[in-house]
Amino acid sequence: MDPLTLGRLLGDVVDPFTSSVSLRIAYNNNSEVVNCSDFKPSQITKQPRVDVGGDDFRTFYTLIMVDPDAPSPTNPNMREYLHWLVINIPGTTGASFGQEIMKYESPEPTAGIHRIVFVLYKQMVGRQLIHAPTWRNNFNTRDFAQVYNLGSPVAAVYFNCQRESGCGGRRMI
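Quantities reported herein were computed from a predicted structural model and do not represent experimental measurements. (Residues numbered from 1 in each chain as written. Predicted model: local features only at pLDDT ≥ 70, side-chain atom pairs only at ≥ 80, totals over all residues. Heavy atoms only, no water.)

(A) Seen up close, the overall build of the chain. For the chain, the count of helices and strands is 3 helices and 9 strands. If you list the helices and strands of the chain from N to C, you get α-α-β-β-β-β-β-β-β-β-α-β. Taken over the C-alpha trace, the chain has a radius of gyration of 16 Å; the compact-globule value for 173 residues is 16 Å, and the two agree within 12%. Taking the principal axes of its C-alpha atoms as reference, the chain extends roughly 60 × 35 × 30 Å. Per-residue burial over the chain gives 47% buried out of 173 residues. A sequence separation of at least 24 residues applies to 75% of the contacts in the chain between residues at least 6 apart. As displayed, the chain has an accessible area near 9,200 Å², and 50% of this comes from carbon and sulfur atoms. In the chain, 16 side chains carry a positive charge and 16 a negative one; their mean positions are 5 Å apart. (Helix = DSSP H or I, 4+ residues; strand = E, 2+ residues; numbered from the N terminus. Rg over C-alpha atoms; globule rule 2.2 N^0.38 Å. Buried < 20%, exposed > 50% of the residue type's maximum accessible area, 1.4 Å probe, protein only. Contact = heavy atoms within 4.5 Å. Areas by Shrake-Rupley, 256 points an atom, 1.4 Å probe, with all protein chains shown as cover. Lys, Arg positive; Asp, Glu negative; His and termini not counted. Charge placed at Lys NZ, Arg CZ, Asp CG, Glu CD.)

Structure representation (structure tokens):
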């Protein structure tokens with residue numbers, strides 16, 4: 001079964017699509033994100049390295065990173081929480097060559113296991129002027145893609161994240 005279907009991301013975040021561009025994401029230059037992998041907040045504090053495939057650097061992409069389980073998987077009333085938004089990424093390069101319009105914010109889940117999703121869109125009209133959303137809470141990837149005429153995703157990958165064990169909760173005095 002497709003990992004995006006298994007992780008309920010098709011439906012919760014994006015509609016079904018066919019992946020057509022490679023997307024490689026790695027934290028700390030060595031921990032590659034693969035679907036269903038697990039990361040702790042301490043492993044993802046710094047912005048990841050993102051490599052976008054494609055076959056032409058004159059084609060541009062938009063990368064969206066969201067948490068559809070905020071603030072908790074049982075009550076995701078802030079769905080989707082926008083962690084990062086980079087536009088105008090030239091094909092065959094990486095996010096560092098794009099324009100960051102929402103600064104990377106490291107996920108810090110407080111309850112439950114959160115799915116953290118990276119979605120890549122091919123920009124249909126080349127370089128675009130895209131305005132930063134005014135808030136991170138209740139971002140909607142589908143609506144954003146529709147407003148900016150991005151079409152269907154061309155790639156997506158996700159990982160699971162939960163709070164560090166031994167942090168938070170009750171403390172004995």
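(B) Focus on the sheet that holds strand 1 (residues 23-27). Pairing within the open sheet is antiparallel, and its 3 strands lie in the order 2-1-4. Strands at the two margins of the open sheet, each flanked by one partner only, are strand 2 (31-32) and strand 4 (49-52). Direction of pairing for strand 1 relative to strand 2: antiparallel, over a ladder of 2 bridges. Bridging from a neighbouring strand, Ala26 pairs with Glu32 of strand 2. (Pairing = 2+ DSSP bridges.)

(C) Highlighting the sheet that holds strand 8 (residues 114-122). Reading across from one edge, 3-9-8-5-6-7 is the order of the 6 strands in this open sheet, with mixed pairing throughout. Of all the strands in the sheet, the pair left with one neighbour each is strand 3 (37-39) and strand 7 (99-102). Strand-to-strand, the axes of this sheet are offset by a mean angle of 25°, without reference to chain direction. In terms of strand pairing, strand 8 meets strand 9 (residues 153-161) through 8 bridges, oriented antiparallel. Its bridge partner being in strand 9, Leu120 is matched across the sheet by Ala155. (Axes fitted to C-alpha atoms, helices over the stretch in contact; angles between N-to-C directions.)

(D) The nonpolar core, seen in detail. Ranked by internal contacts, the top residues of the largest apolar core, which has 25 residues, are Leu23, Tyr27, Leu63, Trp84, Phe118, Leu120 and Phe159. Taken together, the elements giving at least two residues each to this core come down to strand 1, strand 4, strand 5 (60-67), strand 6 (81-90), strand 8 and strand 9. In terms of residue count, strand 9 provides more of this core than any other element does, 5 residues in total. The residues touching Phe118, leaving out its near neighbours within four places in the chain, are Leu23, Ile25, Tyr27, Pro48, Leu63, Ile64, Met65, Trp84, Ala155, Ala156, Val157 and Phe159. Formed by 23 residues, the second largest nonpolar core is a distinct cluster that contains Leu4, Val13, Met102 and Ala145. (Core = buried A, V, L, I, M, F, W, Y, C linked by side-chain atoms within 4.5 Å.)

(E) Summary view of the pairing of strand 5. Burial runs high along strand 5: 8 of the 8 residues are buried. Across 7 bridges, the pairing between strand 5 and strand 6 is antiparallel. Across the sheet, residue Asp67 finds its bridge partner in strand 6, namely Tyr81. Bridge count between strand 5 and strand 8: 6 bridges; the pairing is antiparallel. The residue bridging Thr62 from the neighbouring strand is Tyr121, located in strand 8.

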